[in-house]
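Examining the three-dimensional arrangement
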Amino acid sequence: MAQNNAPPHRSAIEVTSTRPLRELLITALHNWNRNQVFRIVAAISVAWVVGSVGLHLAEQGNHSDFETWTESFFNVWVLLFSGLDQSPKTAMGRFFAMVLLGTGVGLAGLFTGTVASVLVEHQLRRRDVSHFEMDDHLVLCNWGPRGLAWIREVHSKIIQDKRPVVIIHDETEQIDLPDKQDDAAFNDVYIVKGDPTNEIILRRARVATAHSVVVLVDERQGHYADGKSILTCIAIRDICKGADQPNVAVECRNPENRHRLLKAGADEIISSDELGLRLLARTAIYHGMTRVYQELLTVGRDANEMYLFPVPRELVGRDFVEISSMFLRYRDDKKCCLLIGLQRGEQMILNPIGNEAGPVKEDDQLILLSRIFLLTTQNLPTVPPVLRSS
């Protein structure tokens, strides 16, 4: 049974006193922005009326620009946004003018910033959709700072078949995407607001017809982040029925939860802490190996990566050495590959020795090291050529 490690209850005064001044200021500005246009207009109106009445009463009988009510209201409006043509003649009038000049400068700047903020927010909200029809897309559950880098990877220039990306997150204001004109990787990115553990939200994002679903760790959950990922996997599998189900890849914070995620329906589990630890161990023993792994994990032009391919019927029953030599004889262009192993069910056979792999089976997958992803209509880069099975 999980222990409750929550801190003891503290009063509102104690919590407020420990919060940084910057956080309080940001919160106050956020609350102001909820109805900022109305409040700015109201503040301008109040300053205009109070200033007009005050200057008219203070300057009455002194032959100034505020002699009549009409002149006072007109000149105070001009004073708020451009300045004075003639200074008041009384001390009280000059005091009112000083206050109005400062108020006008502040309100004008705030109004300009508000309009710009509304326009930018409107531009960002255009990505936030409530319903759409989409198939064979990529779904990203939860959002974090690494989300931008993930989108740039899956929409890299070298990727020929770029799939749309749908982000599911319950706080869309946290998702600050670059402008489409500035970064082409974000041309086909959409946002669905909601909790990815909610089946209604998943259906709205068309998860059942997606190509892949990636579940990032929700950093806001702390130690319980893997629990939310497990609930997300269960919800995804509940709405995905039939043979054509999306591949679900989950980021795992605690490697001990790997088996729980597998039971919940995850196909692939990535633990960044575990991978980082293993890379640190490798580089401590074999210097420079991190550059090799980085090259294999980088999506870019002329970057070698590993791909899985179904075994063509023509190669079924042949020996691994024979098939690998067929790939070695083809070195004419960028399509050339190296056969480095086989994926056989849950077993991965890398660099098999002797007859370890045995005859290649129909359900095997070839593990190839290649610069480009081969299309289904192309022949495999072997000598002699082999047509890929569909």
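Residues numbered from 1 in each chain as written. Predicted model: local features only at pLDDT ≥ 70, side-chain atom pairs only at ≥ 80, totals over all residues. Heavy atoms only, no water.

Side chains of a nonpolar character, in soluble globular proteins, are inclined to be buried together. The biggest cluster of nonpolar side chains holds 26 residues, and the ones touching the most others in it are Ile168, Val207, Val213, Ile236 and Leu261. Of all elements in the fold, only β1 (138-141), β2 (165-169), α7 (199-204), β4 (212-215), α8 (225-239), β5 (247-251) and α9 (258-264) reach the threshold of two or more residues within this core. Ranked by the residues each element gives to this core, the list is headed by α8, at five residues. Sequence-distant contacts of Val207, defined by excluding residues within four places in its chain, comprise Val139, Ile168, Leu202, Val213, Ile236, Ile239, Cys240 and Pro246. With 19 residues, the next largest nonpolar core counts Leu315, Ile323, Cys337 and Leu374 among its residues. (Core = buried A, V, L, I, M, F, W, Y, C linked by side-chain atoms within 4.5 Å. Buried < 20%, exposed > 50% of the residue type's maximum accessible area, 1.4 Å probe, protein only. Helix = DSSP H or I, 4+ residues; strand = E, 2+ residues; numbered from the N terminus. Contact = heavy atoms within 4.5 Å.)

Bringing the sheet that holds strand β8 (residues 337-344) into the picture now. If you walk across this open sheet you meet the four strands as β7-β10-β8-β9, and the pairing is antiparallel. Each edge of the open sheet carries a strand with a single partner, namely β7 (305-310) and β9 (347-350). With strand direction ignored, the average angle separating the axes of adjacent strands in the sheet is 30°. Judged from the four bridges that link them, β8 and β9 form a sheet pairing that is antiparallel. The residue bridging Gly341 from the neighbouring strand is Leu350, located in β9. The strands touched by helix α12 (residues 320-328) are β8 and β10 (365-370); relative to β8, the strand with the most contacts, the crossing angle is about 150°. (Pairing = 2+ DSSP bridges. Axes fitted to C-alpha atoms, helices over the stretch in contact; angles between N-to-C directions.)

Right, let's get into unusual backbone geometry. Of the consecutive residues Val383 and Pro384, the connecting peptide bond is found in the cis state with omega at -5°. As for its position among the elements, Pro384 is in the loop between β11 (379-380) and β12 (386-387). If you check the backbone angles, Asp136 has positive phi at about 60° while not being a glycine. Within the secondary structure, Asp136 is located in the loop between α5 (91-125) and β1. Of note in this structure, Asn142 is not a glycine but carries a positive phi near 75°. Secondary-structure assignment places Asn142 in the loop between β1 and α6 (147-154).

For the rest of this paragraph, the subject is the pattern of salt bridges. In this structure the tally under the stated criterion is 16 salt bridges. Linking Asp364 and Arg344 is a salt bridge whose minimum nitrogen-to-oxygen distance equals 2.8 Å. In this pair, Asp364 sits in the loop between β9 and β10 while Arg344 sits in strand β8, placing the two residues 20 residues apart along the sequence. Accessibility classification places Asp364 together with Arg344 in one group, the buried group. (Salt bridge = Lys/Arg side-chain N within 4 Å of Asp/Glu carboxyl O.)

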